[in-house]
Amino acid sequence: MAAHSNAVSKADGPQSPLAFLVLTIFCAVPFWLLAELFDAEIMPGLPVSALMVFAPAGAAFALRLRESGLAGAGRLATRVFDAPRVTSWIWYLPALFLMPAVSIAAFVVSSLAGVDIPPPDLQPAKLAMLAAIFFVAAALEEIGWVGYALDPLQERVGEVRAALTIGVVWVVFHLAALIQVGRSAEWIFWWAVGTLAIRIFMTRLYNAAGASVFLVSLFHASQNVSWQAYPVRGSHYDPRLFGALFVLCALVAFAMRRPSNSRSA
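Here the residue numbering is sequential within each chain, running from 1 through the sequence in written order. Where local features are concerned, this predicted model is filtered to residues with pLDDT of at least 70; where side-chain atom pairs are given and counted, the filter is 80 or more; whole-chain, interface and lining totals use all residues. Hydrogens and water molecules were not included; the side-chain quantities draw on all heavy atoms of the structure.

1. Points about the packing of helix 4 (residues 124-157) against helix 5 (residues 159-180)
Using the following cut-off: As a rule, the C-alpha atoms of each element are fitted with a line to give its axis, helices using only the stretch in contact, and angles between N-to-C directions run from 0 to 180 degrees. Helix and strand definitions follow DSSP, with helices as H or I runs of at least four residues and strands as E runs of at least two, each counted in order from the N terminus. Handedness of a crossing is defined here by the sense of rotation of the near helix relative to the far one, left-handed for an anticlockwise turn of less than a right angle and right-handed for a clockwise turn. Contacts are assigned to residue pairs that have any heavy atoms within 4.5 Å of one another. Polar here means any residue outside two lists: the nonpolar Ala, Val, Leu, Ile, Met, Phe, Trp, Tyr, Cys and Pro, and the charged Asp, Glu, Lys and Arg; Gly therefore counts as polar.
The interhelical angle for the contact between helix 4 and helix 5, taken along N-to-C directions, is 145°, at an axis separation of 8 Å. The interaxial crossing formed by helix 4 with helix 5 has right-handed handedness. Counting all contacts with helix 4, which are made through Glu141, Trp145, Ala149, Leu150, Leu153, Gln154 and Val157, the residues of helix 5 involved are Glu159, Arg161, Ala162, Thr165, Ile166, Val169, Trp170, Phe173 and His174. Of the residues contributing to the contact of helix 4 with helix 5, the split by class is ten nonpolar, three polar and three charged.

Below, the structure written as structure tokens:
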């Protein structure tokens, strides 16, 4: 498939990734408050505030409408299914299978370390349903984080700093939900380390594979499916172990990058 440039479209005019990041957090606040009113979970580990996945998409489309009207918003919407940008089918392998492989590695390490961990729940019908739900949720997030904010941010500060900037806001974006399901400060710290590493990896995948929001959304969905499939519905998820594995993935991805495909850090 033909390669596509990562450059920001001139037709969409000047974009404001900083305004997007601030607006996304602002739009997430009502969902955080909603979870305080309704003590319920959409699924295990996901409080009502998880509906904040609509916030990045809402912020991105609001800003794009202001900047370039309906035509610009339409161009942004097409990025959800921009699979033709992917330069080779090989990139679907890490997008779809890296997170399951990390989960398998974590399961093996935990078992060898003597942790009493039950087998994962791998019912095909349940996994397919989770994959569909989590892809929609991932696309709603990534159309904002990546489709709107990443390219102009990379143009200004480079690949690594752009990934870390979005990663830090991504962590803040999830903090209320994590607190609402009773995660400890230590759990959240190690989860944040892994989350920053994953955002760096996702940025590297995006840049290396042809700047496809669709591909990044697949990766994001695969991560969430792997978490819910992990014993028992993610309740045995160890953020220290997963965080270390995610950091390793990010380091390997950057060690393998080609100068022609990379942006300055």
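2. Regarding the confidence of the model for the chain
Rules: The predictor attaches a confidence to each residue, and that confidence, scored 0 to 100, is pLDDT.
Per-residue pLDDT for the chain has a mean of 90; in total, 92% of the residues score no lower than 70. Note that pLDDT drops below 50 for residues 1-7; the model gives that stretch 21 contacts with residues more than four away or on any other chain. Confidence drops under a pLDDT of 50 for residues 260-265, and excluding neighbours within four residues, the segment shows 21 contacts in the predicted structure.

3. A short note on the environment of Phe242
Keep this limit in mind: Three exposure classes are used, based on accessible area relative to the maximum for each residue type with a 1.4 Å probe and protein chains only: buried under 20%, partly exposed in between, and exposed over 50%.
Structurally, Phe242 can be placed in helix 8 (residues 239-255). Residue classification places Phe242 among the buried positions, given a relative accessible area of 3%. Excluding residues that lie within four positions of it along the chain, Phe242 makes contacts with Val102, Ser103, Ala106, Tyr230 and Tyr237.

4. Some points on the nonpolar core
Stated formally: Here, nonpolar core means buried Ala, Val, Leu, Ile, Met, Phe, Trp, Tyr and Cys residues that are tied together by side-chain atoms lying within 4.5 Å of each other.
Counting residues in each nonpolar core, the largest one holds 77 residues, and the members touching the most others are Phe20, Val102, Phe134, Trp145, Phe173, Phe219 and Phe246. Listing elements by their share of this core, those giving two or more residues are helix 1 (17-37), helix 2 (54-78), helix 3 (92-112), helix 4, helix 5, helix 6 (185-209), helix 7 (213-229) and helix 8. Setting aside residues up to four positions removed in sequence, Trp145 forms contacts with Phe20, Leu21, Thr24, Pro56, Leu150, Ile166, Val169, Trp170, Phe173 and Arg199.

5. Describing the packing of helix 6 against helix 8
When two helices pack together, you describe them by how their axes are tilted relative to each other and by the distance separating the axes. As a reminder, the rule being used: Note on terminology: angles under 35 degrees are roughly parallel, angles over 145 are roughly antiparallel, angles of 65 to 115 are roughly perpendicular, and the others are oblique.
It is the contact of helix 6 with helix 8, at a shortest axis distance of 8 Å, that shows an interaxial angle of 20°. One element, helix 6, and the other, helix 8, form an angle in the roughly parallel class. Here the hand of the crossing between helix 6 and helix 8 comes out left-handed. Here Glu186, Trp187, Trp190, Trp191, Val193, Gly194, Ala197, Ile198, Ile200, Phe201 and Arg204 of helix 6 come into contact with helix 8, specifically with Pro239, Arg240, Gly243, Phe246, Val247, Cys249, Ala250, Ala253 and Phe254. When grouped by side-chain class, the residues that make up the contact of helix 6 with helix 8 number 15 nonpolar, two polar and three charged.

6. Points about the environment of Asp151
Heads up, the condition is: As used in this structure description, the phrase polar contact means that two N or O atoms lie within 3.5 Å; if the pair is within protein, one of them must be able to donate a hydrogen and the other to accept it, and residues adjacent in sequence are counted only when both atoms belong to side chains.
Relative to the helices and strands, Asp151 resides in helix 4. Residue Asp151 is classed as buried on the basis of its relative accessible area, which comes to 5%. The spacing of Asp151 and Arg199 is 48 residues in sequence and 14 Å in space, taken between C-alpha atoms. Of note is the side chain of Asp151, whose polar atom sits 2.9 Å from the side chain of Tyr206.

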